[in-house]
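Coordinate analysis (summary)
So the chains spell out like this:
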Amino acid sequence: MSRGYTNVGEGSWRSSGLPAKLLMPMMMTILMLSPYTSAIVQIASFSPADGFTIGVPNMMSIVCSYTTTNLTSFSLIQNNNSVVEMQYNQNSGFFQTITNEKAFVCTLTQFSSNSGVVKCFKRNLNCEDVGEYRCLLSETDISNPEILKVKPSIKSLVLAENDFQMSRMATFKCTANVPWPNPWEEVVFRWTLIRNGRNVVTEDRARVWGSDKCYTEVTSSYKHVVHFDSFSSHSIISCTVFNQTRTRNIDTPMPKESADASSGIQYYKWVLVANLILVLLVVTISH
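Within any chain, residue numbers begin from 1 and follow the written order of that chain's sequence. With pLDDT at 70 or above as the cut-off, local features in this predicted model cover only qualifying residues; side-chain atom pairs require 80 or more to be listed or tallied, and sums for whole chains, interfaces and linings still use all residues. Excluding hydrogens and water, the side-chain values take into account all heavy atoms of the structure.

Along its length, the chain carries three helices and 19 strands. With a 1.4 Å probe rolled over the protein chains alone, any residue whose accessible area is under 20% of its type maximum counts as buried; one over 50% counts as exposed, and the rest are partly exposed. When each of the 287 residues of the chain is scored for burial, the buried share is 32%. For the chain, long-range pairs separated by at least 24 residues make up 55% of all intrachain contacts whose partners lie at least 6 apart in sequence. Here a helix means four or more residues in a row that DSSP labels H or I, a strand means two or more in a row labelled E, and each is numbered from the N terminus. In this description, contact between two residues means that some pair of their heavy atoms is separated by no more than 4.5 Å.

The residue Tyr 133 is located in strand β10 (residues 131–137) in this model. C-alpha of Tyr 133 to C-alpha of Asn 79: the two residues are 54 residues apart in sequence and 6.6 Å apart in space. Not counting the four nearest positions on each side in its chain, Tyr 133 is found in contact with Ile 43, Phe 46, Met 60, Ile 62, Leu 76, Ile 77, Gln 78, Phe 104, Asn 144, Pro 145, Glu 146 and Leu 148. Here a polar contact is recorded for every N or O atom pair within 3.5 Å, except that within protein the pair must consist of a potential hydrogen donor and a potential acceptor, and residues adjacent in sequence are included only if both atoms are side-chain atoms. A distance of 2.7 Å separates the side chain of Tyr 133 from the backbone oxygen of Asp 129, its partner in a polar contact.

Before going further, it helps to spend a moment on the side chain of Ser 82. Tracing the backbone through its elements, the reader meets Ser 82 in strand β6 (residues 81–89). Residue class for Ser 82 comes out buried when judged on its relative accessible area of 18%. A polar atom in the side chain of Ser 82 sits 3.5 Å from the backbone oxygen of Val 84. A polar contact is formed between the side chain of Ser 82 and the side chain of Glu 85, at a distance of 3.1 Å.

Once that is clear, we can look at the state of the cysteines. By definition, disulfides here are pairs of cysteine sulfur atoms that lie within 2.5 Å. One pass over the full model with this rule turns up four disulfides. A sulfur-sulfur distance of 2.0 Å marks the disulfide that ties Cys 127 to Cys 214. Residues Cys 127 and Cys 214 are joined through a disulfide that is left-handed, its torsion about the S-S bond being -75°. Within this pair, whereas Cys 127 is found in the loop between β9 (115–123) and β10, its partner Cys 214 is found in the loop between β16 (198–207) and β17 (215–225), the two being separated by 87 residues in sequence. What makes Cys 214 buried here is its relative accessible area of 11%. In the chain, numbering the disulfide-bonded cysteines from first to last in sequence yields the connectivity 1-5, 2-3, 4-7, 6-8.

To continue, consider the sheet that holds strand β19 (residues 244–250). Strand order in the open sheet made by the four strands is β16-β15-β18-β19, with antiparallel pairing throughout. Two strands close off the open sheet at either side, each with one partner strand: β16 and β19. Taking each pair of neighbouring strands and ignoring which way they run, the sheet shows an average axis angle of 20°. We treat two strands as partners when DSSP finds at least two bridges between them. As defined by bridge partners, strand β18 (residues 235–241) adjoins β19 across seven bridges and the pair is classed as antiparallel. Between N-to-C directions, angles span 0 to 180 degrees; the directions come from axes that are lines fitted to C-alpha atoms, helices contributing only their stretch in contact.

Before going further, it helps to examine the confidence of the model for the chain. pLDDT expresses how confident the predictor is about each individual residue, on a scale running from 0 to 100. This prediction gives the chain a mean pLDDT of 79; 69% of its residues lie at or above 70. Scored below 50 in pLDDT, residues 1–16 makes 18 contacts in the model with residues more than four places away or belonging to other chains. Taken together, the stretch residues 256–265 has pLDDT below 50 and engages in three contacts with residues farther than four places along the chain or on a different chain.

What follows covers the sheet that holds strand β3 (residues 40–47). Here four strands make up an open sheet; going across it, the order is β3-β4-β9-β8 and the pairing antiparallel. The sheet is open, and its two borders are formed by β3 and β8 (105–112), each paired with just one other strand. This sheet shows a mean twist of 15° between the axes of neighbouring strands, independent of strand direction. Here seven bridges tie β8 to β9, and the two strands are oriented antiparallel to one another. When the bridges of β9 are listed, Leu 108 appears paired with Val 118.

Note that His 224 resides in strand β17. For His 224, a relative accessible area of 3% translates into the label buried. Once residues within four sequence positions are removed from consideration, His 224 is found in contact with Arg 168, Met 169, Ala 170, Phe 172, Leu 193 and Ile 250.

Below, the discussion takes up the packing of aromatic side chains. Ring pairs (aromatic) are described by centroid distance and by the angle formed between their planes. Only Phe, Tyr and Trp rings are paired, with Trp represented by its six-membered ring, and only when their centres lie within 6.5 Å; those with planes under 30 degrees apart are stacked, over 60 edge-to-face, the remainder tilted. Summed over the entire model, instances satisfying the criterion amount to five aromatic pairs. Ring centres of Phe 46 and Tyr 133 lie 6.3 Å apart, and the angle between their planes is 45°; this geometry places the pair in the tilted category. Taken together, the residues span a long stretch of sequence, with Phe 46 in strand β3 and Tyr 133 in strand β10 at a distance of 87 residues. In this structure Phe 46 comes out as buried when scored by relative accessible area, which is 10%. Overall, the relative accessible area of 0% leaves Tyr 133 in the buried class. On the numbers, 5.2 Å between centres and 20° between planes, the contact of Trp 191 with Tyr 222 is stacked. Of this pair, Trp 191 sits in strand β15 (residues 186–195) while Tyr 222 sits in strand β17, placing them 31 residues apart in sequence. Ring-pair connections join several aromatic residues into one group, and the members of that group are Phe 46, Phe 104 and Tyr 133. Look at NZ for Lys and CZ for Arg. If either is within 6 Å of the ring centre and within 35 degrees of the ring normal, a charge sits over the ring. Over the ring of Trp 209 we find Arg 207, and its NZ or CZ is 5.0 Å from the ring centre.

In structure tokens, the structure reads:
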């Protein structure tokens, strides 16, 4: 009897004399008996999604969800480097952390025998934490990437120079933290002076220079001239950058004439005290 071939789907199977109607059940049985190793892993939650602010308390949180029939290990990857590695311990029946390079805290929770989540978080973020993150299962299946970056923010508004007595000039400086590298060549600062119920708005464009860190500091200066009537009116200065605002009160000293008068009164008081002490000494010695 000649041996022919029977087409099944797109492939050809040698019949070996078996009826064609038996080939499909045999194929399905082979597929069911063979190990199923494909997996699904993805980053289900990532924060802060818009970046973290330099200089303030912060925390990163990553939640990886998975579905697999052969989970033997888990790795958290940052910029193609493994920062956390967890492996299944057959003796204890639990996953154990065997590598943790950057003070991450990771826990694995199984919803069923083939699905669950891995939650990782890290506090006190800095430039070393910036980059791309992925979740890796059993060294074969990897998730979608998420990016941790620095968020542009305002750092401070300070009174840098105060020369009221000589020139009645006050210099304020506003500093912003700008991610580096970045697409901006300059940063726009908006200064607002509130005086006598009126707002005086001024814009200043400051150039962005390079940095060897993940951010660079950009500073704008504002000079405020104190008028004579400012001593009797309340003034406020504010700086806005990246939709964030810092505000300071302008505390002006007494006018020079008032300061001189106050100094004279203070001197007169000291003279009276000194004379009183001398009188007491004379009285004591005479007795």
